[in-house]
Amino acid sequence: MSAGSNLRSADQFLCSICLDVFTDPVTTPCGHNFCKTCITHHWDGNVPYKCPICQETFYTRPQLKVNTFIREMVSEFRREAEQKSSSSSSEQQAAEPGEVPCDVCTGTRLKALKSCLVCLASYCETHLEPHLTAARLKRHQLVEPVENLEDRICTNHDKPLELFCKTDQTCVCMLCPVLDHKNHEFVPLRKEYEGKKAELQKTDAEIQQMIQKRRLKIQEIKESLKISDDAADREKAAGVQVFTDLKESVERSLKEFMKEMEDKQKTAEKQAEDFIKDLEQEICELKKRSSEVEQLSRSEDQLHLLQRFSSLKDAPPTKNWTEVRVHPPSYEGTVVRAVDQLEKNLREKMKKLFEVELRRIQQFEADVTLDPDTAHPVLILSDDGKQVYHGDVEKNLPDDPERFSKYVIVLGKQSFSSGRFYFEVRVKGKTRWAVGVARESINRKENTPLRPQNGYWTVWLRKTNEYEALAGPPVLLHPSSPPEKVGVFVDYEEGLVSFHDVDAAALLYSFTGCSFREKLHPYFCPCLNDGGKNSAPLIICPVNQTV
């Protein structure tokens, strides 16, 4: 076996208790090796007897004998290490900044290989040799190079710190239990070290688990971001297409308008040109007759004048231009008609766009039912929890804290604190109604104005054909026709509540920039019966159902 190979496998010759090369190595029944003195002292203070490495328990103290095979290998290892030390001392490196220097070197201080916890000094390869060969130094505890060895000495008794006081949670020397820590609980440093090391391993495992969870969360966020980016790209592409179509519609309408104007202008120009041409032709004929008349009038031939007179005395036949006018075409209303046609085209495109948007949000349909525990005592709910109307007579019901006692309101049983949801309500036949969503914590016992500041996001039919969104100040709405079915869509994270005329596929109103911090419930108010004029119920309808 070469010295190089021995040195490369030096750890196999170290006792795991003293961390030094084996002295009188013995083998436990479980197959692990220790210095005889180290394992003997270890078992002297620990019953039952456990292997320091694998923790196997022996209920009777094993009889240990020196393992001669390992002892011979250790002896060979020591000899080769000494030879290696003497031959390589010139090749040792000086200690770099941050490395532990040898405490014995003079001049250039070499890098330490080990620190002795007994001598409280660090040694380079050359100066470590006595600890590997001298019998009295072999028992010293060597560790990997460490700085500030004086911190390992008790400042009160100038003794090595070998015990741990569990009472004061501090390291102490062998004299501290007698002099300064009476009646305290002590354990050897190694035992406390092993316990704390196990705790650190557990802590590290927990930290690694936390790291893994956060890596998974990062992956989840990245995937969410990718989904968001893909959705944004699709929406931008759709938006570009929509605005391109609108732009082309405007350009096409402008082109048609300009053509109509040019056609009218050309018609007027053609009529004027034709009139001018006819007039110029008649002028030419008249000039010719004028010349003939003038020539005849100068004639001295009496017979010739008399013979020609009858044919020249009258002007040539011409058109009566007195009533002839070039009437400029009427341009009034041309722009209005063009814009009106453009508006109709845009309305058609907008309707198709809203139909697409409505189909998209309808995918988030929630199965909403009415919560009887919140219903005002005058309200009548259907057995399936899908219809509500004003019953005129107030029922004698328990005054539940969740029940409304002032407004004729009922909430949906379901609550939402994240994501998106959508539901549709039939309002056909009603003269007054209100629908929307409300915070779970709204005041149910007092007359609280219906507005976002108080936890309500609603629209209502106040009176005949007077629709309002109950924002800070109410916003008057102008639907093209009375809605018969209203869709309510909520995007919790986006802070959006929008209302839609389902049949017309039109947006009625949107509350944007809302800040939701608690659960939201669907909100329904069928309003007063009004002597039977408003007796029709509010009906929660499944999406795409014809009612």
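In what follows, the structure referred to is the one given above.
Residues numbered from 1 in each chain as written. Predicted model: local features only at pLDDT ≥ 70, side-chain atom pairs only at ≥ 80, totals over all residues. Heavy atoms only, no water.

A.B. asks: Help me out: how do you make sense of the overall build of the chain in this one?
C.D. replies: Helix and strand content of the chain: nine helices and 23 strands. Scaling as 2.2 N^0.38, a compact globule of 547 residues should have a C-alpha radius of gyration of about 24 Å, whereas the chain reaches 52 Å, well beyond that. Each principal axis of the C-alpha atoms in the chain carries an extent, and together these give about 175 × 90 × 40 Å. Residues classed as buried in the chain amount to 32% of the 547 residues present. In the chain, the share of contacts with a sequence separation of at least 24, taken over all contacts with a separation of at least 6, comes to 57%. Roughly 34400 Å² of accessible area belongs to the chain as shown, and the carbon and sulfur atoms make up 52% of that amount. In the chain, 76 side chains carry a positive charge and 85 a negative one; their mean positions are 2 Å apart. (Helix = DSSP H or I, 4+ residues; strand = E, 2+ residues; numbered from the N terminus. Rg over C-alpha atoms; globule rule 2.2 N^0.38 Å. Buried < 20%, exposed > 50% of the residue type's maximum accessible area, 1.4 Å probe, protein only. Contact = heavy atoms within 4.5 Å. Areas by Shrake-Rupley, 256 points an atom, 1.4 Å probe, with all protein chains shown as cover. Lys, Arg positive; Asp, Glu negative; His and termini not counted. Charge placed at Lys NZ, Arg CZ, Asp CG, Glu CD.)

A.B. asks: Honestly, the pairing of strand β15 (residues 433-439) in this entry has me stumped. Any pointers?
C.D. replies: Looking along a regular strand, one sees the side chains alternate between the two faces of the sheet. Burial analysis of β15 places six of its seven residues in the buried class, the great majority of the element. The sheet contact formed by β15 and strand β16 (residues 456-463) spans six bridges and is antiparallel. In the sheet register, W433 faces β16, and the bridge partner there is L461. The pairing of β15 with strand β22 (residues 520-525) spans six bridges and is classified as antiparallel. Each bridged residue has a counterpart across the sheet, and for R439 the counterpart in β22 is L520. (Pairing = 2+ DSSP bridges.)

A.B. asks: Mind showing me how you'd approach the packing of helix α7 (residues 189-297) against helix α9 (residues 334-362) here?
C.D. replies: For any two helices packed against each other, one specifies the crossing angle of their axes together with the interaxial distance. Following both chains from N to C, one finds α7 and α9 inclined at 165°, their axes separated by 10 Å at the closest point. The angle between α7 and α9 falls in the class roughly antiparallel. Crossing handedness for the pair α7 and α9: right-handed. Touching E235, V242, D245, L246, S249, V250, S253, F257, E260, M261 and K264 of α7 are T334, V335, R337, A338, L342, N345, L346, K349, L353 and R360, all from α9. (Axes fitted to C-alpha atoms, helices over the stretch in contact; angles between N-to-C directions. Parallel < 35°, antiparallel > 145°, perpendicular 65-115°, else oblique. Left-handed = near helix turned anticlockwise from the far one by under 90°.)

A.B. asks: Is there a simple way to explain the packing of aromatic side chains in this structure?
C.D. replies: Each aromatic ring pair is summarised here by two numbers: the centre-to-centre distance and the angle between the ring planes. Evaluation of the coordinates by the stated rule reveals twelve aromatic pairs. Ring plane angle 55° and centroid distance 6.2 Å describe the contact between W433 and Y467, whose orientation is recorded as tilted. Taken together, the residues span a long stretch of sequence, with W433 in strand β15 and Y467 in strand β17 (residues 466-469) at a distance of 34 residues. The exposure class assigned to Y467 is buried, which follows from its relative accessible area of 7%. Ring pairing ties together the aromatic residues W43, Y49 and F58, which thus form one cluster. When the ring centre of W321 is taken as origin, the NZ or CZ atom of K319, which lies over that ring, is 4.8 Å away. (Phe/Tyr/Trp six-rings, centres within 6.5 Å; stacked < 30°, edge-to-face > 60°. Lys NZ or Arg CZ within 6 Å of the ring centre and 35° of its normal.)

A.B. asks: Would you take a moment to explain the state of the cysteines for this structure?
C.D. replies: A disulfide bridge is the covalent bond that connects two cysteines by way of their sulfur atoms. Applying the stated rule across the entire model yields zero disulfides. For the unlinked cysteine C541, the closest cysteine sulfur is that of C527, found at 17 Å. Using a relative accessible area of 5% as the deciding quantity, one classes C541 as buried. (Disulfide = S-S within 2.5 Å.)

A.B. asks: I'm lost on the environment of H157 in this one. Help?
C.D. replies: One can find H157 in the loop between β7 (142-143) and β8 (163-165). Assessed through its relative accessible area of 16%, H157 is described here as buried. It is 146 Å that separates the C-alpha atoms of H157 and T318, two residues lying 161 residues apart in sequence. Residue contacts for H157: discarding those within four places in its chain leaves C173, L175, C176, L179 and D180. Only 3.0 Å separates the side chain of H157 from the side chain of D180, close enough to count as a polar contact. (Polar contact = N/O pair within 3.5 Å; in protein donor to acceptor, adjacent residues only side chain to side chain.)

A.B. asks: Please clarify how the nonpolar core should be interpreted in this entry.
C.D. replies: Within soluble globular proteins, side chains that are nonpolar tend to cluster in buried spots. One finds W433, V435, V497, F511, Y523 and F524 to be the most contacted residues of the largest nonpolar core, which totals 52 residues. With near-sequence residues (within four places) excluded, W433 lies in contact with V427, V459, W460, L461, Y467, V486, C525, C527 and L538. Ranked by size, the runner-up nonpolar core spans 19 residues in total, among them F13, V21, C35 and C51. (Core = buried A, V, L, I, M, F, W, Y, C linked by side-chain atoms within 4.5 Å.)

A.B. asks: When you look at the environment of P372 in this model, what are you seeing that I'm missing?
C.D. replies: Residue placement: P372 occurs in the loop between α9 and β11 (379-381). The spacing of P372 and A536 is 164 residues in sequence and 19 Å in space, taken between C-alpha atoms. Not counting the four nearest positions on each side in its chain, P372 is found in contact with L381, R403 and K413.

A.B. asks: So what exactly am I meant to see when it comes to the sheet that holds strand β6 (residues 121-123) here?
C.D. replies: Across a sheet, strands are paired by hydrogen bonds formed along the backbone, either parallel or antiparallel in direction. Spatial ordering of the open sheet is given by β6-β5-β7, a layout of three strands whose pairing is antiparallel. Here the strands that pair on one side only, and so sit at the sheet edges, are β6 and β7. Across the sheet, helix α4 (residues 125-133) is in contact with β5 (114-116), β6 and β7; its angle to β6 comes to roughly 110°.

A.B. asks: How should I be thinking about the pattern of salt bridges in this particular structure?
C.D. replies: Here the idea is simple: oppositely charged side chains can pair when their charged atoms come close. Tallied over the full model, the rule gives 24 salt bridges. Across the pair E292 and R289 runs a salt bridge whose closest N-O atoms are separated by 3.9 Å. Of this pair, E292 and R289 both sit in helix α7, three residues apart, roughly one helical turn. D340 is paired through a salt bridge with K344; the nearest N and O atoms lie 3.6 Å apart. With D340 and K344 both in helix α9 and four residues apart, this pair spans about one turn of that helix. Exposure remark for K344: the relative accessible area of 40% places this residue in the partly exposed category. (Salt bridge = Lys/Arg side-chain N within 4 Å of Asp/Glu carboxyl O.)

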